[in-house]
Amino acid sequence: MRTLSRELKDKIGQGVELQGWLHKKRLLGGLNFITLRDRSGLTQMLISDKDEIEKLRGLQIGTVMTVKGKVVADERAPGGAELHDVKVEVEVPVTDEPPIEIDKPLGHKSENLDTLFDNRVIGLRNLQEQTIFKVQAEIMHSVRAYLDENDFTEMSTPKLLAEPTEGGAEVFKMDYFGKTATLAQSAQFYKQIMVGPFERVYEISKTYRAEPSATPRHMTEFITFDVEMGFIIFDDLLGLISGLMNRVSDDVFAKYSDDLKKWNSVKPTLPKEIPRLSMAEIHELYTKATKTDTTDEKDLTPDEERWICDYAKKNLNSEAVFVVDWPASSMKFYHRLKADDPTLAERADLLFRGLEIATISMREHRYEILVEQLKTLADGDPNDPGFVPYLSAFKYGMPSHGGFGLGMERLTEKLIGLNNVKEATLFPRDMNRLTP
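Residues numbered from 1 in each chain as written. Predicted model: local features only at pLDDT ≥ 70, side-chain atom pairs only at ≥ 80, totals over all residues. Heavy atoms only, no water.

Caption draft 1: Seen up close, the sheet that holds strand E7 (residues 160–161). In space, the 3 strands of this open sheet follow the order E7-E9-E8, with antiparallel pairing throughout. Looking along the sheet, the strands with just one partner apiece sit at the ends: E7 and strand E8 (173–176). Note: E8 against strand E9 (residues 179–183), 4 bridges, orientation antiparallel. Residue pairing in the sheet places lysine 173 in a bridge with threonine 182 of E9. (Pairing = 2+ DSSP bridges. Helix = DSSP H or I, 4+ residues; strand = E, 2+ residues; numbered from the N terminus.)

Caption draft 2: Broad picture of the nonpolar core. In terms of nonpolar packing, the biggest core is built from 49 residues, with Ile139, Met245, Leu350, Ile360, Phe404 and Leu411 touching the most fellow members. A total of 12 residues in this core trace back to one element, the largest contributor, which is helix H7 (residues 234–261). The residues touching isoleucine 360, leaving out its near neighbours within four places in the chain, are Phe234, Leu237, Leu238, Ile241, Phe322, Arg347, Ala348, Asp349, Leu350, Gly403 and Phe404. (Core = buried A, V, L, I, M, F, W, Y, C linked by side-chain atoms within 4.5 Å. Buried < 20%, exposed > 50% of the residue type's maximum accessible area, 1.4 Å probe, protein only. Contact = heavy atoms within 4.5 Å.)

Caption draft 3: Structural detail: the packing of H7 against helix H12 (residues 408–416). As a packed pair, H7 and H12 sit with axes 11 Å apart at the nearest point and diverge in direction by 55 degrees. As summarised for this structure, H7 and H12 are arranged oblique, according to the angle between their axes. In this structure, the crossing between H7 and H12 has a hand that is right-handed. Seen from H7, the contacting residues are Met245, Val248, Val252, Phe253 and Leu260; seen from H12, they are Leu411, Leu415 and Ile416. Class assignment for the residues of the contact of H7 with H12 results in 8 nonpolar, no polar and no charged. (Axes fitted to C-alpha atoms, helices over the stretch in contact; angles between N-to-C directions. Parallel < 35°, antiparallel > 145°, perpendicular 65-115°, else oblique. Left-handed = near helix turned anticlockwise from the far one by under 90°. Nonpolar A, V, L, I, M, F, W, Y, C, P; charged D, E, K, R; others polar.)

Caption draft 4: Region of the structure containing the side chain of arginine 37. If you trace the backbone, arginine 37 turns up in strand E2 (residues 32–38). Buried within the structure, arginine 37 lacks any salt-bridge partner; aspartate 38 is the closest side chain of opposite charge, at an N-O distance of 7.8 Å. In this view, arginine 37 contacts Gly20, Trp21, His23, Leu42, Arg125, Leu127 and Gln130; residues no more than four positions away in its chain are not counted. (Lys, Arg positive; Asp, Glu negative; His and termini not counted. Salt bridge = Lys/Arg side-chain N within 4 Å of Asp/Glu carboxyl O.)

Caption draft 5: Structural view of the sheet that holds strand E4 (residues 64–73). A barrel is described by the order of its strands in space; here 5 strands give the closed sequence E1-E2-E3-E5-E4, paired in mixed fashion. For this sheet the average axis-to-axis angle between neighbouring strands, irrespective of direction, equals 50 degrees. Pairing between E4 and strand E5 (residues 81–92): 9 bridges, direction antiparallel. Considered in E5, the bridge of threonine 66 is made with glutamate 89.

Caption draft 6: Geometry of the pairing of E4. Direction of pairing for strand E1 (residues 15–27) relative to E4: antiparallel, over a ladder of 7 bridges. Bridging across to E4, tryptophan 21 finds its partner in valine 64.

Caption draft 7: Inspection of the environment of asparagine 119 at higher detail. Its place among the elements puts asparagine 119 in the loop between helix H2 (113–118) and helix H3 (120–123). Between the alpha carbons of asparagine 119 and threonine 3 there is a distance of 30 Å; along the sequence they are 116 residues apart. When near neighbours in sequence (up to four residues on either side) are disregarded, asparagine 119 contacts Pro99 and Ile100. At 2.9 Å, the side chain of asparagine 119 and the backbone oxygen of threonine 115 are in polar contact. (Polar contact = N/O pair within 3.5 Å; in protein donor to acceptor, adjacent residues only side chain to side chain.)

Caption draft 8: Structural detail: the environment of lysine 68. Among the secondary structure elements, lysine 68 is positioned in strand E4. With near-sequence residues (within four places) excluded, lysine 68 lies in contact with Val16, Glu17, Leu83, Asp85, Val86 and Lys87.

Caption draft 9: Quick look at the environment of isoleucine 53. Among the structural elements, isoleucine 53 can be located in helix H1 (residues 50–54). For the pair isoleucine 53 and proline 99, spaced 46 residues apart in sequence, the C-alpha separation works out to 24 Å. If near-sequence neighbours (up to four positions away) are discounted, isoleucine 53 is found in contact with Leu27, Asn32, Ile47 and Ser48.

Just distances and angles here, no functional claims.
Below you can see the structure in the form of C-alpha cells.
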C-alpha cells in the first residue's frame, strides 16, 4: 500500500512504499541521498546499497519511481523522518536535463518572468510555486463557504454573448455561424437576471478582456468572483465584502501559514468593517501630501491607489479601503445614482495593498430609468437581441440590488505579496502571450 510523505512521521520503524518524482539527487560517494516528491511533500532517503545507487546513474530530476525502505526519525529531514535501506524501482526514467532547477526558489524578478512562464509546466513542480496555487484553491474554497453560509446560490452562465456586457472596444469578437459573438467581459447581465429567481447568487468563472496592455495588473483572461444580492442597501453590500475579505484572510493563513513564510507573506490587517473614503477625499489627501494635483481626475491613478493604501494602513489600521462616491459621468448604464446627490454614482472600488481588486455598485433596478440610461449612457438599443432578455427581468419586477466582481488572481497576488498578477496565474494570457 502506498504511503505519502506527510504520513512518515507516524510510521517510525516501519517498512513503507512511496511513489513520486525524483526531486533532488546527491551522490557523494559515502553518503548518497535522494529526495522524492509526491502530492503531500518531500521525503529524504539515504541510499547505501551500490546496486541501488547504480540505478540512479544518468537519471534526471522528474524521474518517476517507486521506493521501499524503513522509516527512521531524523529532525533534519523534511517532516522529521527519512527512509533508510532504500530499494528503487524506476517507473519512468528521465534522461534529459530539465530547463530550470526546481529544487530551489525560482526567480520572480520582472526580468525573469518570461523564463518563469515559458517553463511553467516544469516550474510548477517547485514546492514554493505550488504554494501560490494551493493558496488560490483555498481562496476559492473560502469564498464559496462564506457565500454559501450567507444563503447564496452558485450559478454558471454563458461566456458566448450576442452583445458586450460592459460596452466599449475591449471585447473579443468571433464568428458564430455567420453572426458576431463576443466573449463575456463579466457575468454582469446574468447575475442581475438571477436576482429575480434566487435573490442572492454568485459565480466563479473566467472573464475575457481585450486589454491592449502588458502591465503588471492586466491580463486578457482571468478569474472573477461575481456576486449579486437583492433587497439590500449599499451598506449591506460593503458589509458583505468586509466579511468576505476577513474570512478569506483567516482561512488562508490558518491553513498555509508555514508555507507562506517562504514567501515572507504577512497576514493583512483588516478591521471588521473596511473603512471608506470618497474619491474627492483621496484626491485631496494625495494632492496635499505629494504636491501632484489629481483633484480633476475621474478615477484614481495607480500611484494614488498605492498611496491611499499606505495611508489607510498607518492611519485607519486597515490594509484595505473602499473608494466611494464616484462621479456619475463615468458610471456604467446599469449603475444607480445616489438618491441624495445625482452627480455621484452609488459604487465603490475595493483597494487592497495598493491595488484595485474589486468593483462594486448598486444597480438601477427601475425599468424605465434603466432603459433610458442604456440609451443615453451606452448608446444602446433596448430592442437589440443582446439586451431584450436582460431588460425583461426588470420589466417584470426586480428589487433593489447590487453586486461586485472581485479578481481572484489580484487577491492571490496581494495576499501572498507578489508583484505581478501574472505570477498568481497558472498560465497567464496577455497581449503578448498565448502559450503554454
